[in-house]
Structures are given as C-alpha cells and as structure tokens.
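Structural overview
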Amino acid sequence: MGTDGGADHTSPSLDLPPPTIPPNVKVVREDLPNRSIITRPGFGTSGKRISLLANHFKVSITNPDETFYQYSVAISFEDNKAVESKVLGRKVIDKLYQTYSSELAGKRFAYDGDASLYTVGPLPQNNLEYTVVLEESIAKCGNPSDNGTQIESYKRSKSSLHSKTFKVEISYAAKVPLNSISHALQKADPEKAQDALRVLDIVLRQDAAKRGCLLVGQSFFHDDSRTFTDVGGGVTGVRGFHSSFRPTLSGLSLNMDASTTLILTPGPVVDFLLVNQNVKETRYIDWAKAKKMLKNMRVKARHNNMEFKIAGLSEKPCNQQLFSIKVNSGGSPGGDGETVEITVYDYFVKHRNIELISSSYMPCIDVGKPKRPIYLPIELCSLVSLQRYTKALSVTQRASLVEKSRQKPPEKIRVVTDAIKNSHYDENPVLVACGISVEKHLSQLDGRILDAPKLKVGNSEDCLPQNGRWNFNNKKLLNPSQIDHWALVNFSARADCSHLSRELINCGRNKGIHIERPYAIFEEDPQYRKASPVTRVEKMVEHITATLPGPPEFLLCVLPERKNCDLYGPWKRKCLCNLGIVTQCVSPIKINDQYLTNVLLKMNSKLGGINSLLAIENSRRIPLITDKPTMILGMDVSHGSPGRSDIPSIAAVVGSRSWPLISRYRAAVRTQSSRVEMIESLFKPLANGEDDGIMRELLKDFYETSNGRKPTQIIIFRDGVSESQFTQVIDIELNQIIKAYQHLGETEIPKFTVIVAQKNHHTRLFQATAAENVPPGTVVDTNIVHPTNYDFYMCSQAGKIGTSRPAHYHVLLDEIGFSPDDMQNLIHSLSYVYQRSTTAISIVAPVCYAHLAAQQMSQFIKFEDSSEQKNTTTGGSIPFPELPRLHKNVAGSMFFC
C-alpha cells in the first residue's frame, strides 16, 4: 500500500469522554421536523443460512418485581471540599457499609463511585448524614528549604496511622423498577429500561472494583503480569474483559468480550524513562521531557513502601538539592537542635543508611505540593501498576498492540467463556437479591450469508469476488486515466526513483493507465534534510516551480518514512491547498506488482478515473436509487488525543457525485470545538446571508456532476456516535442538513434515510461448526439485536487474522422505504466500492472515506507552522485554527484516496 494509508477500523480503541452538543448550536424544538427513530419493519430473508454463536450469555430474572432505590451521594472532606476520587469515594462507602450503626450496614447496594447509590429496598430515612473516619498508613516526609528559609524539618520517613474524616450525605432521589427491563423486552417503553440496565452495569463495575481491577467503562483489567504485553516506549497492553447487560430480541443478555487497554509499564522510574525516550544511558535522558511525561503518575517508594503522586522534578540533581533540617546534639535528624542544610543525597545515604547507586547526578522526584515540595531519589521510586496510558500511540506501538491483542475465534471463545465462569456473578449479593442468573455458554443463533455483488472492470469485463476479494491480475481498470505531465519528488536518501518510475509506468500499462515518462525527478538538496518539515517542503516546491514549464497534473512524492512522516502534512497542504496539484505519497520497501497496483488504484481515483463499479451500478439497476436522484453521505468526526482540549476536532462529510453512480465521492472538511461529536458546520450562515457550510458545498457538487439533477433522496451514514446520541443525529445534524437545502431556495425537502454505523462495540460472531471466521457477507438481524429498534450486524470483510468484528448498523430513519433485504444488500454492496483496495471493507465506503478525509486533513493542523496559525474560529471558549480550503483544481478530486 502507499503511504496515504486507509482508515484503521480494527485497532484497539481507547475510551473517550462523552461528546457534547456543540456550544453554538441551539436546538429550537418547534422548528424541528416531526421525525423520530423508527422501529424494526421486518427481517431480511435473502442469503444462505449459517449457524452461528455470539458472545452474548442469556440472563434470567426470577424476581422481576424487585425495585432499586436511587440515592444521591455527596462525600466531602472536613473542610467541605468535595471528594473527586472515585477510588477514595468507594473506600468511604465501603467503610460506611462496615459500620454497624449505619443504615447501610448489611444492605445490598451498588455505588457508582461518584454521586449515585442504588439499594435493594429502601433505607429507613430519605436523608442521612454520616461522619466516616478512614485510617491510612502514610509516610511522614519533610520538606526542603525555600530560598534558604526553613519550612519544616525533614523528619525520619516511617509509617504511622493517619486518620482522615469525611462527611457523607445520602438523600433519596428516585425508584428504579427492575420490571422496566421486562417491559422493554416486551416492546413497551424501551427508554425506561435504561436506568435499570445502568444499575446492573454499576453492579458489575463495583464487583470488579472490589477485586482491584482497573475500570475503563464497562471493561475490567486485573493486575496480573500474565495478561501484560509490552508494546514499546514504556507502554504495556493489558488484557481484560468487557461485561455489560444488553436488551435483545431474545431477552436480556450479558455481553462478555475480551478487551485490551494501555497502561504505563510498572517498574523502576529510571527504566521507564530509558525505554520511553529510547536511550541506553541515563546521561542521555531529556529531563524537561521527562518532567512533562511523569507529572501526575503514581509511584511507590522502595524505602517506606508508600505511594505518592508525582508533582514534578527538582531543579538541581540529588547531590546538590538542599533542604533545611533540624538535628539534635548527636547530629541525627529531629529534636529541637540547630538547623542545618543538607542535600537530599546525603540525607538518604548518611541519615537513612540507604545506598544510592545512580541517583547522585539525576533530579529528584517531587511528590509534594507547589509550596511544600517533598523530594525522593529517583532510584527509590517505581511506577505503580495499572496506571492507564491515554496518550496517542506511535505507529510502531499501535502495530505492536494490534498484533499482540489479536485472538483467533477458538481462542476468543475460550477467553470469554472462562471469563464468565470466573466472574462468579451468581454469587453477587445484588444480583442474587434480584434473582439474576447468567448462563455459561454462548448464544446460538442463525445468520445469513449474502451473495457478493458482481463487479465490472476494464472492457466491461465481469469480476466476481471470491471470499470478499478480487484482483486485477490480467485485468485493466474500468476507466483508466492518462498521465502525461507529471514529476517525481524524492525526499528519501535511499530510494531508487528511476527504477520506481520505470516499474510504475510498466505496471500502469498493464492496468490500462498510460503514463508518460516523468518530466523530471527532483532530489532533495542534502543541505535541507535537517531543516524543519515546512522549510524542506518550501525549498522543494521552489525547485519544482523554477524547473517545470508549467504546473504538472500529478506529483508522485517519495517520503523517507512509511508512516507518520513529518513531511506528509506540509507536503499535502502545499499541493492540495496552494498549488492545486494531485499528489500521491509513497515510501516503498519492496517494489512489486501488488504494491504498484495498490498505488495505481489510488492515483487513478484521484485523477478522476474509476477502478471498478458494481455491475448493478454500471447497468443502473440499484433498487430505489437509480430511479430518483439519490445522494449518499458519509459523516465522521475525528478527535485529538484524550485530554488535549487545545486540539480541535475534525468533521468530515463525503458526498456521492455523478449520480446514478454510488462509487464516486467528494469530501468537505472543517475544524470544530474539541471533543464535540455533533457536526457544527453542516449549515453555517454568515453575516452577509451566505451559507459557508459543508452541505452547500456537497449539494452544489452533486448538482454540477449529475446533469443538473438535485437530490430528491439522501442516504446518510453516520459514524462514531453512541446510542445515547441517536436522537441528536436526527434533531441536530439532520435539521442542519435540511436548513442548508432550504437555503439554496428549495421548498420540497428530500426524503432521508439515516443509518448509524458502529465498529466500536463488543459483539462478536463465530461459526458454530468451524474454527474460521464467519464468511464475508454474514448478516444477523435476529436474537442478539435490539428488541424494538431497527438494527443488524454485518461482517462484510474476510477476516484472515484475529476474530472479525462485525459492523453494527442502526437505521434511525427510512423515509425512502427500503425493504430489509434491499437495505442490507445496499450496505453490503457499499463495502465493495472502496476504490483504494481489492477487498470488501469492514464498513461502508462512505464512512471509510469520511474517516480517511478527517485523518488526512488533521495532518494540516498537526504539522502546521505556528507562525501561520492566524485564521482561527472560536468554538466555545477555545479558539481553534480553521482548515485551509482545497484549491479549486482539486476540490472535486477524491484526494482522500
């Protein structure tokens, strides 16, 4: 594959904070069309039957009339400051549970660690107040001097019992009847079941917390080194399991799945820094970088076995960092003797008799407060286990994690069945009180295998995919482009560009693409290789424009690294936004026919060619789509790393063009408020009355490329939203799309079909009688689907490694009126129109394109020269840079290919 990589929908994902409604979008209820989420109209029947297993375990409830009583909980310190730590909150409530005089004593309850407590049966009073005393074994540590002024003596560090007092207020909030689940399963008031299901999930979380697990959403991870796997850079993958209750068509089930998260590799802090910075000796450690990395990590001190949170590092090394200490007449610390200054190193070596081997010339770890620092020699500190790592992974780390967390279907089945057996949920007091029991074997169900769609390639030749795959061996592209004026740009010192050029021309000839010899091969001047990425690109462009007689129609760029090359963003921005030149980036390791074919597929798409079409698309026989002008949208929002509120989110929408084709797309991309999931710029009225939104751009393009036809039907595929946000998609995003359409002067609103596509879920499908992954085209719309909503699972891809993850499609709205079979076959077909590959992909192509467009455009911000970030937009209170618009010459290009 070329360097312009595709969307990775199989990589382990990290839990993110729940997205919010955009701060600048006001929902005016009376202005909204009267649309609501539809229920299931029926079931599909097409395809060949297949016996399957799913990692859903049937749940029985023998006490359905039981009621949970919800109480609001407020826990504060003696000074009335609220307790924000969920771990500490659980300790306080557990202590309260153990207190004989407490009304909570012996009560069966579930506590979320925050503000809600649920009991089986009511408490005696609606409002209760308690004082809870926790005794902890802590280390007394002294403090160094501040500008030579004594703050407090540095006392001998030893453990002692320390009491903390907390105030707990418990007040009645509501009743949560368990039978609301039964009613929902019987298709009555499904929304009311959410509160009861939330309580049951809290029970699972509380159970895992008591066993010392790291909690990540509904995934739980034990501190067991046998489940650890090193992914490099001081980061460790830890295997655990996901467990949550799900209402399904066949009843309540427990969804149990293997899960993986990332933690800091536990062990000596020095070892972590060496690996994290990829250096072999401590003298090469970048301490400024280390200070930023270590902040807020938890460490355990070897000399007193106590835990601390890192506040920072000392300014001076251990053998120079002084603090004031009172010594007695014998020279030992303590007492009311004279005050002397001593280094941290001398204190631990001479007064604590602790041998320090490597700390002398390294900074100390500060575990104190801003005005009262407490320093510890770095070699005495080790990172505590199960500290979650949430920063972005490098390409190497991500590849390692994906590789090491893969499990083949038989192994996955064994892991989840072992997890359900070892969970001992049948012994949980809250579940027992409700009469809830969980079966120990996977659910059995029937699925269907849809036929692969027939494709058309060069010379209208038929191509029938086998097992979700096809190739262009001895075949030509359906509509190949011709490349007459182009050049090759080389930023790599190792690449043989003459050889690459010859092989590409030969391979193109075999695939039907006529490629002339390049006008020139531009080699980078070695003197600029250590310059900034922006400078390197600018110098190369200057060289190109000074040499070529005019702008080329195409530039092939050879980068020095295959992934995450820091030249990629500046180069793409310069070509697509400033120059208006189509470009393809490559970094070949092995040049062969397969590699070159993949590159040519991308090049041909970007230059306006078509690699293949669906046979029904070519013959204009797509049900309900070829009869009326139909536009297909793929929508996605890409967020920065968790915790980075300064990084804007990227909203990308791709729209189909050249109707009645459904294989051609154009993208529109905008920045928006950080971590906001709802797209803000679908309709963006300006002060002058114009609309600068995404939809206007895509609607005009559809009109211009579809023989002046306006879409009367719009199919929306929305990626990345959770079930709790489905109504927002209808109430906010669809409403904005309608307003954009009306702003163009249209009065007759198109019919809409809105489908949410999810990959981030925990349902897996297995063949009941075979060890291999389910075949491509497998669809399930019974048993494990929602009892009322219109959803289904589809595994369109051929899973060769690991266990296939099906896409979960939710049809929120269908005004167009697809039958279940037509809907499923359309979605299956849209997995075969991805122009970048010769395999069926795991989710519909419009979603993949939207994801890829957002990912590529985010590089424009990631590698932006800070001096150029002048054009900003305000989202909430944080300004964010606007993305540059594509040059008019490439605006209609499938640049994201």
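Keep in mind the model is a prediction, meaning the values are calculated, not measured. (Residues numbered from 1 in each chain as written. Predicted model: local features only at pLDDT ≥ 70, side-chain atom pairs only at ≥ 80, totals over all residues. Heavy atoms only, no water.)

**Structural notes on the sheet that holds strand S29 (residues 521–523)**
Across the sheet, four strands lie side by side as S29-S27-S30-S31; this open sheet has parallel pairing. Of all strands in the sheet, those bounded by a partner on one side alone are S29 and strand S31 (582–586). Strand-to-strand twist of the sheet, defined as the mean angle between neighbouring strand axes without regard to direction, takes the value 20°. In this sheet, S29 lies alongside strand S27 (residues 486–490) in parallel orientation, the contact comprising three bridges. Looking across to S29, one finds that Asn490 is bridged to Glu523. Sitting on the sheet, helix H10 (residues 497–511) is in contact with S27, S29, strand S30 (554–558) and S31, with an inclination near 140° to S27. Packing against the sheet, helix H12 (residues 568–579) makes contact with S27, S30 and S31, and its axis sits at approximately 160° to S31. (Pairing = 2+ DSSP bridges. Helix = DSSP H or I, 4+ residues; strand = E, 2+ residues; numbered from the N terminus. Axes fitted to C-alpha atoms, helices over the stretch in contact; angles between N-to-C directions. Contact = heavy atoms within 4.5 Å.)

**A few points about the confidence of the model for the chain**
Mean pLDDT over the chain works out to 89, with 90% of the residues at or above the 70 mark. Scored below 50 in pLDDT, residues 138–160 shows 76 contacts in the model against residues more than four places distant or in partner chains. Counted against residues more than four places away or in other chains, residues 865–871, with its pLDDT under 50, gives eight contacts. (pLDDT = per-residue confidence, 0-100.)

**Focus: the pairing of strand S34 (residues 649–656)**
With eight of eight residues buried, S34 is to be regarded as a mostly interior element. The two faces of S34 match: Ser649, Ala651, Val653 and Gly655 on one face and Ile650, Ala652, Val654 and Ser656 on the other face are all buried. The sheet contact formed by strand S33 (residues 630–638) and S34 spans six bridges and is antiparallel. The partner of Gly634 across the bridge, within S34, is Val654. Pairing analysis gives eight bridges linking S34 to strand S35 (residues 665–672), with the strands arranged antiparallel. Within S35, the residue paired with Ala652 across the bridge is Val669. (Buried < 20%, exposed > 50% of the residue type's maximum accessible area, 1.4 Å probe, protein only.)

**Some thoughts on the environment of Ile632**
With respect to the element layout, Ile632 can be found in strand S33. Separated by 214 residues in the primary sequence, Ile632 and Pro846 place their C-alpha atoms 7.6 Å from one another. Sequence-distant contacts of Ile632, that is, excluding residues within four places in its chain, are made with Val654, Gly655, Ser656, Ile662, Tyr665, Ile715, Phe717, Leu830 and Pro846.

**Observations regarding the sheet that holds strand S36 (residues 713–719)**
Spatial strand order, S35-S34-S33-S36-S37-S41-S40-S39-S23-S1-S38: eleven strands in an open sheet with mixed pairing. Strands at the two margins of the open sheet, each flanked by one partner only, are S35 and strand S38 (765–767). The sheet shows a mean angle of 30° between the axes of neighbouring strands, taken without regard to direction. Docked against the sheet, helix H16 (residues 726–743) engages S33, S36, strand S37 (751–758) and strand S41 (807–814), running at close to 135° with respect to S37.

**Section: the pattern of salt bridges**
Within this structure, the stated rule accounts for 31 salt bridges. In the salt-bridge network here, residues are joined through shared partners; they are Arg657, Arg666, Arg670, Glu697 and Asp701. (Salt bridge = Lys/Arg side-chain N within 4 Å of Asp/Glu carboxyl O.)

**Here we look at the state of the cysteines**
Here the structure, examined in full by the defined rule, presents zero disulfides. Cysteine Cys318 shares no disulfide, and the gap to the nearest cysteine sulfur, in Cys364, comes to 3.8 Å. No disulfide involves Cys381; its sulfur sits 9.2 Å from that of Cys364, the nearest cysteine. (Disulfide = S-S within 2.5 Å.)

**Describing unusual backbone geometry**
A cis amide bond links Trp659 with the next residue in sequence, Pro660, at an omega value of 15°. Along the chain, the position of Pro660 falls in the loop between S34 and S35. If you check the backbone angles, Arg675 has positive phi at about 65° while not being a glycine.

**Examining the packing of H10 against helix H13 (residues 593–606)**
Relative placement of two packed helices is described by the angle separating their axes and the distance separating the axes. Between H10 and H13, whose axes approach to 10 Å, the crossing angle comes to 75°. In terms of axis orientation, H10 runs roughly perpendicular to H13. Counted together, Leu500, Glu503, Leu504, Cys507, Gly508 and Lys511 of H10 and Asp593, Leu596, Thr597, Val599, Leu600 and Met603 of H13 form the full contact between these two elements. Along the lines of polarity and charge, the residues of the contact of H10 with H13 split into seven nonpolar, two polar and three charged. (Parallel < 35°, antiparallel > 145°, perpendicular 65-115°, else oblique. Nonpolar A, V, L, I, M, F, W, Y, C, P; charged D, E, K, R; others polar.)

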